[in-house]
Amino acid sequence: QVQLVESGGGLVQSGGSLRLSCKASGKKFGIFAMGWYRQAPEKEREFVASMSEGGTIRYADSVKGRFTISRDKVKSTVDLQMTSLKPEDTAVYYCHVESRYGSAEDSWGQGTQVTVSS
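This write-up is about the structure you can find in this document. Starting afresh in each chain, residues are numbered from 1 along the sequence in its written order. Local features in a predicted model are, by the rule used here, given only for residues with pLDDT of at least 70; side-chain atom pairs are given and counted only at 80 or more, and totals for whole chains, interfaces and linings are based on all residues. Computation of side-chain values: all heavy atoms of the structure, hydrogens and water removed.

Before going further, it helps to spend a moment on the overall build of the protein. Within the protein, the secondary structure is distributed over 0 helices and 11 strands. Ordering the α and β elements of the protein from the N terminus gives β-β-β-β-β-β-β-β-β-β-β. Over its C-alpha atoms the protein spans a radius of gyration of 14 Å, differing by no more than 12% from the 13 Å that the globule rule assigns to 118 residues. For the protein, the C-alpha atoms occupy an extent of roughly 40 × 25 × 25 Å along the three principal directions. Burial here depends on accessible area, computed with a 1.4 Å probe over protein chains only, as a share of the maximum for the residue type. Under 20% is buried, over 50% is exposed, and the range in between is partly exposed. Among the 118 residues that make up the protein, the fraction classed as buried is 41%. Only DSSP runs of H or I covering at least 4 residues are called helices, and only runs of E covering at least 2 are called strands; the numbering of each starts at the N terminus. For the radius of gyration, the atoms used are the C-alpha atoms, and the globule rule reads 2.2 Å times the number of residues raised to 0.38.

So, about the environment of Gly-9. Tracing the sequence through the fold places Gly-9 in the loop between strand S1 (2–7) and strand S2 (10–13). Residue classification places Gly-9 among the partly exposed positions, given a relative accessible area of 34%. For the pair formed by Gly-9 and Thr-77, sequence separation is 68 residues and the distance between their alpha carbons is 15 Å. Every residue pair with non-hydrogen atoms within 4.5 Å of one another is taken to be in contact. Residues in contact with Gly-9, not counting those within four places in the same chain, are Leu-18, Leu-20, Thr-112, Gln-113 and Val-114.

Turning next to the nonpolar core. Remark: nonpolar core denotes a set of buried residues (Ala, Val, Leu, Ile, Met, Phe, Trp, Tyr, Cys) joined through side-chain atoms within 4.5 Å. With 28 residues, the main nonpolar core has Met-34, Trp-36, Leu-80, Met-82 and Tyr-93 as its most contacted residues. Mapped onto this core, the elements with two or more residues apiece are S1, strand S3 (18–26), strand S4 (31–39), strand S5 (46–52), strand S7 (67–72), strand S8 (77–82), strand S9 (91–99) and strand S11 (112–117). In this structure, Leu-80 is in contact with Leu-18, Arg-19, Leu-20, Trp-36, Val-48, Ala-49, Phe-67, Thr-68, Ile-69 and Tyr-93, ignoring residues within four places of it in sequence.

Within the secondary structure layout, Ser-107 lies in strand S10 (residues 107–108). The class of Ser-107 is buried, set by a relative accessible area of 4%. Pairs of N or O atoms are called polar contacts if they sit within 3.5 Å, as long as, within protein, a hydrogen donor faces a hydrogen acceptor (for residues adjacent in sequence, only side-chain-to-side-chain pairs). A polar contact of 3.2 Å, which involves the side chain of Ser-107, links it to the backbone oxygen of Val-2. Discounting residues that sit within four places of it in the chain, Ser-107 has contacts with Gln-1, Val-2, Leu-4, Cys-95, His-96 and Val-97.

Unusually for a residue other than glycine, Ser-76 sits at a positive phi of about 55°. Its place among the elements puts Ser-76 in the loop between S7 and S8. Judged by its relative accessible area of 15%, Ser-76 falls in the buried class. Positive phi outside glycine occurs at Ser-84, with the angle close to 50°. Checked against the element boundaries, Ser-84 lands in the loop between S8 and S9. Overall, the relative accessible area of 41% leaves Ser-84 in the partly exposed class.

From the geometry alone we can't say anything about function, so treat these as descriptive.
Following this line, the structure appears as structure tokens:
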């Protein structure tokens, strides 16, 4: 299975920027896509962005034009560059690996807190 560790979360002011990084280790040959989800207090976990092994990128409508996802296959990392941050972006952000063998084989990081103050 894939192990994922996120870093880069923190406290920023509205309009600021933050870069999250996720390092993958372990069994990685079954990866279909890597990306990010987030979960705010009292809310459901929601999709943020993803990039497939073939280079297909998807973004949630709420972050289009503000967030950029990138992958470095040499370093086995996936990053999320967040700009023009809003208080509503405040959430725990989770790195996610989508397995080509089905959702039961997906992997999740432990999460990193992002707080955007007004």
